Amino acid sequence: ALLLAPDRWCSVQELAIASGVSAASVSKLLTYLESDEWVDTHGTGPSKVRKLAKAAALLDAWVEQDRARLASRQMRRFYVPGRKGDDLLRFAAEAFSDRAEPDDAYAITSEAAAQIYAPFLTPWSVATLRATPAAVERAAGRPDMRGVEQGANLLVIEVEPSGLRFAQRRDEVLFASPVQTYIDLMVAPGRAPDAGRFLREQVLGF
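Residues numbered from 1 in each chain as written. Predicted model: local features only at pLDDT ≥ 70, side-chain atom pairs only at ≥ 80, totals over all residues. Heavy atoms only, no water.

1. Some thoughts on the side chain of S97
Now for step 1: Looking at where S97 falls in the secondary structure, it is placed in the loop between α4 (85-96) and β4 (106-109).
Now for step 2: Accessibility expressed as a relative area gives 13% for S97, which makes it buried.
Now for step 3: A polar contact is formed between the side chain of S97 and the backbone oxygen of A93, at a distance of 2.3 Å.
Now for step 4: Excluding residues within four positions of it along the chain, S97 makes contact with A105, Y106 and R138. (Helix = DSSP H or I, 4+ residues; strand = E, 2+ residues; numbered from the N terminus. Buried < 20%, exposed > 50% of the residue type's maximum accessible area, 1.4 Å probe, protein only. Polar contact = N/O pair within 3.5 Å; in protein donor to acceptor, adjacent residues only side chain to side chain. Contact = heavy atoms within 4.5 Å.)

If you want it as structure tokens, here you go:
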């Protein structure tokens, strides 16, 4: 929430509502960031507001934290025959949606999402998405996609619903936020970080 609006002054309550996190947790985090001078403050008591002072440093730290956690990341690989490009994205949107809570089940990320926010010259051949464990199990049972070790065209990062916050809908498909997309690109192999740096320059701006 802070990184999506780095120049905005926010109260604890505003950030709690925006992020879906308790006000107590938000207050604790902001106090930590304030002690390290990563946020600027204005006012006191209930009227106290804060905004990021070091947005770039915070984003870099988040990337390093995710890179350190790669070994424990739960990743599933699937091959979907006859699907590629936008057709694969629409398939994934249908396969991983939870009809009861469609906004909490999945979000396309990495190269495919970056092409939506900041089109890059390198085409993508493998779609990556974030999805809840329940959505993954539901989709894995479909006869039109199969789990593989090699030759996957659909990579799925298992996350809790909190890992899908701030997703954006484009043409009936949910995409991870530009910030989350950037982080996923920067810890991915190959030329993904090139697309990430372009996204940061064109969209994030810090």
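2. Some thoughts on the packing of helix α3 (residues 55-68) against helix α7 (residues 178-186)
Now for step 1: Contact geometry for α3 and α7: axes closest at 9 Å, N-to-C directions at 50°. By the angle between their axes, α3 is oblique relative to α7. In this structure, α3 meets α7 at a crossing whose hand is right-handed. Judged by residue contacts, L59, D60, W62, V63, D66 and R67 of α3 engage V179, Q180, Y182, I183 and M186 from α7.
Now for step 2: A class-by-class count of the residues in the contact of α3 with α7 yields 7 nonpolar, 1 polar and 3 charged. (Axes fitted to C-alpha atoms, helices over the stretch in contact; angles between N-to-C directions. Parallel < 35°, antiparallel > 145°, perpendicular 65-115°, else oblique. Left-handed = near helix turned anticlockwise from the far one by under 90°. Nonpolar A, V, L, I, M, F, W, Y, C, P; charged D, E, K, R; others polar.)

3. A look at helix α6 (residues 133-140)
Now for step 1: Every buried residue belonging to α6 is among A135, V136 and A139, and all of these are buried. All buried residues of α6 project into a common sector of 100° when viewed along the axis, lining one side.
Now for step 2: Its buried side turned inward, α6 meets β3 (75-79), α4, β5 (127-131) and β7 (154-158). (Arc of directions from axis to C-beta.)

4. Observations concerning the nonpolar core
Now for step 1: Residues F96, Y106, I108, L129, M145 and L154 are the most contacted members of the largest nonpolar core, which totals 55 residues.
Now for step 2: Looking at which element gives the most residues to this core, the answer is α4, with 7 residues.
Now for step 3: The residues touching L154, leaving out its near neighbours within four places in the chain, are R76, R77, F78, V80, A92, F96, V126, A127, L129 and M145.
Now for step 4: With 5 residues, the next largest nonpolar core counts I157, V159, L164 and A176 among its residues. (Core = buried A, V, L, I, M, F, W, Y, C linked by side-chain atoms within 4.5 Å.)

5. Remarks on the layout of surface pockets
Now for step 1: Roughly 1400 Å³ of internal volume is contained in the largest pocket.
Now for step 2: W62, Q65, R69, S162 and Q180 are the residues nearest the centre of the largest pocket, which is lined by 41 residues in total.
Now for step 3: Only α1 (12-19), α2 (23-35), α3, β7 and α7 provide two or more residues apiece to the lining of the largest pocket.
Now for step 4: Considering each element in turn, the lining of the largest pocket owes the most residues, 7 residues, to α2.
Now for step 5: For the lining of the largest pocket, a count of residues per class yields 23 nonpolar, 9 polar and 9 charged.
Now for step 6: The calculated volume of the second largest pocket comes to roughly 470 Å³.
Now for step 7: If you trace the second largest pocket, you find 25 residues lining it, with E111, T128, A188, P189 and A192 closest to the centre.
Now for step 8: When residues of the lining of the second largest pocket are traced back to their parent elements, those giving at least two are β3, α5 (110-117), β7 and α8 (192-204).
Now for step 9: In terms of residue count, the dominant contributor to the lining of the second largest pocket is α5 (4 residues). (1 Å grid on protein atoms, 1.4 Å probe; cavity = no way out; pocket = protein on both sides within 12 Å on 5 of 7 lines; lining within 4 Å. Points joined across faces, edges and corners; volume = space filled by probe spheres on them.)

6. What to know about unusual backbone geometry
Now for step 1: One non-glycine residue, S110, adopts positive backbone phi at about 55°.
Now for step 2: In this structure, S110 sits in helix α5.
Now for step 3: On the basis of relative accessibility, which here comes to 4%, the residue S110 falls in the buried class.
Now for step 4: Even without a glycine there, the phi angle at D171 is positive, about 50°.
Now for step 5: Its place among the elements puts D171 in the loop between β8 (168-170) and β9 (173-175).
Now for step 6: Classification of D171 by relative accessible area gives exposed; the value is 76%.

These figures come from the coordinates and say nothing about function on their own.
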